[in-house]
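Coordinates in review
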4 protein chains.
Amino acid sequence: MIKIAIVGATGYTGGELLRLLTNHPKTEVTCVTSHQSAGEPLVSRHPFLKGQYTLDLETLDVDKISEKSDFVFVALSHTTAIKPVQQLIQNGKKVVDLSADFRLDSAALYKKWYAVEHTAQELLQNRVYGLSEVYRDKIKNSSLVANPGCYPTGTLLPVFPFLKKGLVDLDREIIIDAKSGVSGAGRSATPKTHFPEVNEGLLPYNIGSHRHLPEINQEITHFSGQPPKTIFTPYLLPVNRGILTTIYLPLNETLTQSQIDAVLTAYKSEGFIRCIDHPANISAVKGTNYCDISAFETPSRRTVILISAIDNLVKGAAGQAIQNMNLMMGWDESLGLMTPGLFP
Amino acid sequence: MIKIAIVGATGYTGGELLRLLTNHPKTEVTCVTSHQSAGEPLVSRHPFLKGQYTLDLETLDVDKISEKSDFVFVALSHTTAIKPVQQLIQNGKKVVDLSADFRLDSAALYKKWYAVEHTAQELLQNRVYGLSEVYRDKIKNSSLVANPGCYPTGTLLPVFPFLKKGLVDLDREIIIDAKSGVSGAGRSATPKTHFPEVNEGLLPYNIGSHRHLPEINQEITHFSGQPPKTIFTPYLLPVNRGILTTIYLPLNETLTQSQIDAVLTAYKSEGFIRCIDHPANISAVKGTNYCDISAFETPSRRTVILISAIDNLVKGAAGQAIQNMNLMMGWDESLGLMTPGLFP
Amino acid sequence: MIKIAIVGATGYTGGELLRLLTNHPKTEVTCVTSHQSAGEPLVSRHPFLKGQYTLDLETLDVDKISEKSDFVFVALSHTTAIKPVQQLIQNGKKVVDLSADFRLDSAALYKKWYAVEHTAQELLQNRVYGLSEVYRDKIKNSSLVANPGCYPTGTLLPVFPFLKKGLVDLDREIIIDAKSGVSGAGRSATPKTHFPEVNEGLLPYNIGSHRHLPEINQEITHFSGQPPKTIFTPYLLPVNRGILTTIYLPLNETLTQSQIDAVLTAYKSEGFIRCIDHPANISAVKGTNYCDISAFETPSRRTVILISAIDNLVKGAAGQAIQNMNLMMGWDESLGLMTPGLFP
Amino acid sequence: MIKIAIVGATGYTGGELLRLLTNHPKTEVTCVTSHQSAGEPLVSRHPFLKGQYTLDLETLDVDKISEKSDFVFVALSHTTAIKPVQQLIQNGKKVVDLSADFRLDSAALYKKWYAVEHTAQELLQNRVYGLSEVYRDKIKNSSLVANPGCYPTGTLLPVFPFLKKGLVDLDREIIIDAKSGVSGAGRSATPKTHFPEVNEGLLPYNIGSHRHLPEINQEITHFSGQPPKTIFTPYLLPVNRGILTTIYLPLNETLTQSQIDAVLTAYKSEGFIRCIDHPANISAVKGTNYCDISAFETPSRRTVILISAIDNLVKGAAGQAIQNMNLMMGWDESLGLMTPGLFP
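Computed from a predicted structure; not experimentally measured.

Once that is clear, we can look at the sheet that holds strand E5 (residues 94–97) of chain B. Residue and element names in this part refer to chain B. The strand order across the open sheet built from seven strands is E3-E2-E1-E4-E5-E7-E6, with neighbouring strands paired in parallel fashion. Whereas interior strands pair on both sides, the edge strands pair on one side only; in this sheet they are strand E3 (57–58) and strand E6 (128–129). Across the sheet, helix H11 (residues 314–328) touches strand E1 (2–7), strand E2 (27–33), strand E4 (71–74), E5 and strand E7 (144–146), and the angle it forms with E5 is around 155°.

For sheets, the rule is that strands pair by backbone hydrogen bonds, running either parallel or antiparallel. Residue and element names in this part refer to chain C. Read across the open sheet, the seven strands follow the order E9-E10-E8-E11-E14-E13-E12; overall the sheet is mixed. A strand with exactly one partner marks an edge of an open sheet, and here the two such strands are strand E9 (203–204) and strand E12 (273–275). As defined by bridge partners, strand E11 (residues 243–250) adjoins strand E14 (residues 303–310) across eight bridges and the pair is classed as antiparallel. Bridged to Tyr248 within E14 is Ile305. Running at roughly 140° to strand E10 (residues 229–236), helix H9 (residues 212–224) makes contact with strand E8 (173–180) and E10 of the sheet. Against the sheet, helix H10 (residues 257–264) makes contact with E12, strand E13 (291–297) and E14, and its axis sits at roughly 155° relative to E13, the strand it touches most.

Another aspect to go through is the pattern of salt bridges. Going through the model one piece at a time under the given rule, you end up with 68 salt bridges over all chains. D:Glu270 serves as the salt-bridge partner of D:Arg136, at 2.7 Å between the closest nitrogen and oxygen. Placement of D:Arg136 in helix H6 (residues 132–140) and of D:Glu270 in the loop between helix H10 (257–264) and strand E12 (273–275) is noted, with a sequence separation of 134 residues between them. Neither D:Arg136 nor D:Glu270 differs from the other in exposure class; each is buried. Each member of the salt-bridge network shares a partner with another, and the members are A:Glu16, A:Arg19, A:Arg241 and A:Asp311.

The two copies are related by a screw operation: chain A maps onto chain C through 180° of rotation and 0.0 Å of translation along the axis, at an RMSD of 0.0 Å. Such a turn and shift between the copies fits a two-fold axis. Within chain A, A:Phe195 has its C-alpha nearest the rotation axis, a separation of 2.1 Å. With an isologous cut-off of 70% or more, the 100% of interface residues of chain A that recur at the interface of chain C puts this contact in the isologous class.

Right, let's talk about the domain arrangement of chain A for a bit. Residue and element names in this part refer to chain A. When the domains of chain A are assigned, the result is domain 1 (2–126) and domain 2 (151–312). Interface of domain 1 and domain 2: buried area, both sides summed, is about 1300 Å²; carbon and sulfur atoms make up 49% of it. A per-residue breakdown of the area domain 1 buries against domain 2 is headed by Tyr12, Arg103 and Trp113, which together make up 47% of the total. One can count two salt bridges joining domain 1 with domain 2. Across the salt bridge formed by Arg103 and Glu215, the nearest N and O atoms sit 3.3 Å from each other. The interface formed by domain 1 and domain 2 contains 10 residue pairs in polar contact (both at pLDDT 80 or more). The set of elements that each furnish at least two residues to the side of domain 1 that touches domain 2 consists of helix H1 (12–21) and helix H5 (107–114). Split by residue class, the side of domain 1 that touches domain 2 holds five nonpolar, three polar and five charged.

All names here are of chain C. One way to put it is that helix H6 (residues 132–140) packs onto helix H11 (residues 314–328) with a least axis distance of 9 Å and a crossing angle of 35°. Where H6 crosses over H11, the two elements pack in a sense that is right-handed. Where H6 approaches H11, its residues Ser132, Glu133, Arg136, Ile139 and Lys140 are matched on the opposing element by Lys315, Gln320, Gln323, Asn324, Leu327 and Met328.

What follows covers the relation of the copies chain B and chain A. For the match of chain B to chain A, the screw axis carries a shift of 0.0 Å, the RMSD comes to 0.0 Å, and the turn is 180°. When the interface residues of chain B are mapped onto chain A, 98% of them again fall at the interface, so both copies present the same face.

The next point concerns the interface of chain B and chain A. Contact residues are listed per partner, giving 40 residues for chain B and 39 residues for chain A. Of all residues in chain B, the largest losses of buried area upon contact with chain A belong to B:Glu200, B:Leu202 and B:Tyr248, amounting jointly to 20% of the total for that side. Between A:Asp177 and B:Lys179 there is a salt bridge whose closest N-O contact spans 3.1 Å. If you look at where chain B meets chain A, you find 18 residue pairs in polar contact (both at pLDDT 80 or more). Looking at the side of chain B that touches chain A, the elements that each hand over two or more residues are strand E8 (173–181), helix H8 (195–198), strand E9 (203–204), strand E10 (229–237), strand E11 (243–250) and strand E14 (303–310) of chain B. Per element, the largest residue contribution to the side of chain B that touches chain A is five residues, and it comes from E8(B). In terms of residue class, the side of chain B that touches chain A is made up of 22 nonpolar, 10 polar and eight charged.

Quick look at the interface of chain A and chain C now. Bring the parts together and some accessible area is lost; that lost area is often taken as the interface size. Contacts between the two partners involve 20 residues from chain A, matched on the other side by 20 residues from chain C. Roughly 1600 Å² is buried in total at the junction of chain A and chain C, and carbon and sulfur atoms are behind 56% of that figure. On the chain A side of the contact with chain C, A:His194, A:Phe195 and A:Asn240 bury the most area, a combined 42% of that side's loss. Counting every contact that joins chain A to chain C gives two salt bridges.

Here is what the cut-offs are and how they apply
- Residues numbered from 1 in each chain as written.
- Chains lettered and ligands numbered in written order.
- Predicted model: local features only at pLDDT ≥ 70, side-chain atom pairs only at ≥ 80, totals over all residues.
- Heavy atoms only, no water.
- Pairing = 2+ DSSP bridges.
- Helix = DSSP H or I, 4+ residues; strand = E, 2+ residues; numbered from the N terminus.
- Contact = heavy atoms within 4.5 Å.
- Axes fitted to C-alpha atoms, helices over the stretch in contact; angles between N-to-C directions.
- Salt bridge = Lys/Arg side-chain N within 4 Å of Asp/Glu carboxyl O.
- Buried < 20%, exposed > 50% of the residue type's maximum accessible area, 1.4 Å probe, protein only.
- Least-squares fit on C-alpha atoms with pLDDT ≥ 70 in both.
- Domains from an automatic or database assignment.
- Buried area = accessible area lost by both parts, 1.4 Å probe.
- Polar contact = N/O pair within 3.5 Å; in protein donor to acceptor, adjacent residues only side chain to side chain.
- Nonpolar A, V, L, I, M, F, W, Y, C, P; charged D, E, K, R; others polar.
- Left-handed = near helix turned anticlockwise from the far one by under 90°.

Okay, here's the thing in structure tokens:
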């Protein structure tokens with residue numbers, strides 16, 4: 001059994017890692033940290049896990065964590081993960097970082113979007129961007145994986161096969177209209193996420209300025225060799241979990257429905273991607289590591305409508321993080337992740 | 001006091017007409033009909049209206065309705081409104097039809113989309129499409145107004161000023177991504193609208209085949225003289241009321257944010273259109289006849305993001321119907337419609 | 001036109017007063033205050049009111065308020081209303097206080113439950129507890145009305161006719177099981193009211209220790225002359241508005257369904273109380289000043305099940321406050337309050 | 001591997017059995033039936049299970065089922081399970097019936113509440129009522145287990161330890177106020193469960209006449225030897241899953257909080273019952289077989305407030321059914337059921 005530490009265990013992502021790891025046959029969680037609740041039983045912050053864990057929350061002490069664990073998931077908030085990740089790597093640990101701190105290739109771009117200096121730039125070159133299905137081979141050989149953002153995961157997976165085949169017209173705009181459940185905003189209470197403000201509403205936010213945009217652009221550029229023209233509109237959706245992303249993808253040749261379907265057969269042996277012939281719905285992926293993808297031709301056939309559904313906390317965070325751990329450890333990629341979702 | 005009949009009073013649209021008309025100073029509802037519940041007290045089907053109305057529901061008898069009322073709102077389901085509307089017009093009544101039966105100019109197109117022959121084609125020429133802010137003058141002189149669909153209302157109002165100024169590039173695709181509350185699907189129980197199927201989900205549906213698409217295209221063609229290339233993706237959103245429509249509108253010249261805002265000043269003296277500088281949210285229009293519009297430039301400035309919010313039952317149905325009645329009667333357009341919405 | 005000030009205008013209760021007062025024919029809001037947002041336009045904090053008000057928010061300056069207004073609604077949070085209310089009364093204003101600060105007869109009890117000294121005890125004797133239907137005559141002659149809490153309103157109205165007729169067995173326990181929408185918790189974001197924590201849950205809280213309990217007990221004692229044995233279980237319900245209160249009321253004689261119905265005819269000429277023969281549902285009172293009451297016999301006939309539904313922000317706060325203002329001003333009690341609710 | 005058939009696989013209970021059985025190490029589902037969808041792939045009715053099952057739905061043919069399977073879960077609707085269960089037992093199969101058809105001891109009572117003759121009365125004597133924690137030993141030796149209703153499960157588990165110790169005053173009324181998520185009403189669309197009718201509401205229903213009442217009374221009588229005086233108020237709660245049951249239980253002696261807690265230690269070695277010191281919330285049991293129980297003393301100490309939370313589809317249906325299968329097969333009772341829940 002590999003010993004696991006979770007740094008920042010009291011948020012929704014931490015809770016989800018803990019939930020999923022109860023199903024994992026090769027790991028044991030030995031250390032959980034929390035800045036605010038150190039000393040308390042883990043289940044006091046996650047009552048739903050009562051009966052599953054008896055650990056107490058600890059303060060973040062990198063050396064102690066390094067002693068107690070072989071593999072570390074870092075689920076801290078943005079800008080606070082840099083230093084502990086750096087130290088854990090120095091201590092020889094394997095790390096999946098679920099924050100945004102190691103996602104961008106460029107320290108300059110990081111500074112621009114996150115307003116702090118990146119103080120572990122030496123790690124940026126060798127870290128791998130953890131979009132599992134795309135960077136599988138690199139992830140296997142990596143000690144530090146930057147787990148993708150939830151919006152980039154829901155966007156890049158459906159787009160990737162079209163990019164890979166050179167079918168995308170990068171001179172036209174790629175329109176991404178992405179609706180996220182509220183758990184994507186984290187567990188801290190804010191005026192915008194107060195129940196009556198969200199419920200019975202639908203709030204577009206950060207239009208043109210969401211921090212997941214440079215991440216999406218970076219990866220499309222990697223795939224295609226050309227910076228894309230992306231328009232990205234995120235929304236706060238009054239549900240707990242799930243991101244439904246609709247992408248209006250410009251094509252450089254016409255594609256019929258059956259040609260579109262053929263492109264998506266690129267995923268036919270992927271265990272966590274389900275290409276379906278009816279519109280994807282977040283209901284069908286709740287609690288799972290699946291990314292459901294549906295695709296529709298348009299009258300012009302020069303634009304394809306791609307709709308993906310993921311659970312932002314699973315494929316968009318903790319599930320993909322465990323998938324990456326499985327790859328990094330040389331295990332079957334699906335270990336601990338095949339539990340079906342919850343419907344309704 | 002003008003006497004009002006509501007034909008088909010037990011659905012959500014009927015209930016909303018009844019709700020709004022309690023505030024109207026120049027009307028009195030004298031007749032309400034229902035196919036299934038004739039003979040029952042109106043409030044047995046609308047318990048929230050108890051204390052406001054003492055009417056009983058009647059069967060649909062056009063001559064009786066014509067005797068009892070001066071003005072008729074027809075809120076029947078599609079294809080069943082043609083005949084009663086025809087008879088009411090023959091009886092000299094003024095009518096606002098809230099179904100889709102008189103929205104399309106072309107009987108052939110109607111047959112294609114609704115799969116029945118249009119048996120009152122003689123009315124199609126003189127009926128007016130009731131997008132109040134756009135066709136105000138024609139509506140004033142009309143006896144039969146076809147009340148617009150909810151999606152077309154949320155789409156056309158923000159797009160209209162750009163079309164009118166010739167700013168839209170009609171050779172590129174207009175992308176309409178529209179999320180509707182469940183009341184938009186009507187009051188009849190269906191498997192798709194069963195609570196646990198909708199709740200915690202987000203369901204795209206009828207992609208490329210929604211019946212509001214020909215209506216949108218017809219009106220854009222009227223404004224612009226050229227059939228548009230529209231892509232229309234509707235969604236069932238787990239809220240009761242509201243449509244949030246995001247339109248990615250292609251421009252034939254670059255527009256900065258301030259130029260965009262200037263275009264929207266076309267609406268500056270409109271009482272029911274609020275142009276706002278933050279993203280529109282259905283929360284802010286719930287229960288009102290407002291259409292909130294927000295607009296955002298994009299990096300290329302060749303596409304503008306337009307976001308509108310309406311209450312599908314008010315500006316998208318009953319409210320606009322009353323606004324049209326006010327116009328048809330020569331009254332102040334806002335009579336009975338200025339009550340603020342409900343938040344939260 | 002009477003000039004109205006609203007002290008503490010940015011919360012949900014403040015917003016609701018503003019919403020309702022747009023319908024009031026004899027008042028004009030001239031002054032709105034906010035501690036945090038002074039200087040901003042009122043509608044920046046209440047976007048749904050855009051087009052209805054053009055006021056700016058001001059700091060709380062009692063003398064300025066007194067100059068600008070004739071009648072004041074104080075919608076501050078508990079313990080912060082005492083001083084401004086005292087000063088407004090000294091300035092000769094009529095006041096409805098929507099906080100809890102003047103609800104309890106006893107300053108000692110206030111100190112026990114709110115943990116601060118009551119510094120305006122001289123006002124406690126002449127202030128009237130504003131349960132409109134019960135204390136109507138006293139309210140008419142009062143300058144200071146303490147507006148009842150939402151839970152007490154939903155509890156006391158159905159219980160009152162039984163108490164008045166001496167039908168309640170005060171030696172047995174009165175069980176109150178009351179489910180409240182989240183707006184009842186106010187507009188400030190807290191961990192407990194963060195959307196994903198509330199949604200899809202149902203949280204009992206403050207069992208036996210809710211601050212509305214002494215208020216309920218005080219009033220039952222007034223009605224009956226004997227302190228009751230109340231058990232009060234409140235819940236946070238995942239909806240925006242509404243309190244559904246179920247009371248298991250012990251009787252000192254057997255009552256059949258028709259005898260129960262007869263007791264409730266006490267309310268037959270009340271405009272805001274609707275006694276209904278099917279179970280009350282908060283859906284039917286949303287946005288209204290109605291209290292719906294349904295009552296059911298039990299097999300023993302020694303206990304009656306009373307179920308009331310109110311909108312916590314209207315009959316449970318702003319609506320009843322305006323009803324009280326109408327009484328204090330000698331106006332028709334229903335002015336501005338007859339607008340029907342919103343369903344769905 | 002034991003071969004499993006699920007008769008009536010397309011409802012929510014069928015889907016939940018299928019979900020949970022993917023985690024079960026000793027079973028394999030070999031046969032799934034559906035009246036309406038026979039011939040279709042199972043996943044066409046349960047899209048969330050895509051990738052987990054490749055079975056097709058079959059018609060209900062008892063002999064074919066008997067050939068294909070060793071153990072049968074019957075998840076048909078009430079009154080339609082009698083005959084297939086009878087035949088399956090005749091064919092020597094072990095059966096858990098999740099309908100109400102074998103829950104009541106008395107055929108006469110069954111006829112009274114379900115309005116049909118019970119045509120398999122010979123089975124009523126030997127069938128066991130499957131409240132696992134209470135009837136464990138009998139279940140182990142049974143071939144036919146009647147799986148308890150969701151409301152009775154949530155009610156009886158917290159009450160049982162008090163009954164067993166003779167602490168309940170059966171001459172006073174036991175008040176049960178139980179709020180259920182909408183999946184408890186089944187998967188068929190009805191006017192009452194149409195999304196906008198349920199959402200933002202809270203509907204009490206079937207007061208004094210719910211079919212789970214005789215089941216609750218039967219079991220309390222078994223435990224105590226005396227028919228109880230129960231008052232049962234169920235509600236439709238606008239969430240997908242979960243029942244929160246609050247029981248006001250009359251005691252025949254005073255109990256302090258610590259004495260109450262001591263009574264509940266009866267469950268200290270139960271794997272699926274979690275006694276907690278804060279109010280139970282359905283959020284914490286979503287997707288799990290747990291029953292969370294919290295208990296609170298009252299001022300008189302002659303009544304205890306018991307609050308239980310279960311997932312109606314798991315401990316209230318499919319989970320307890322699998323727990324019963326595990327007992328009937330002589331396996332570890334928790335096989336396949338220890339997966340943690342989903343929060344948020």
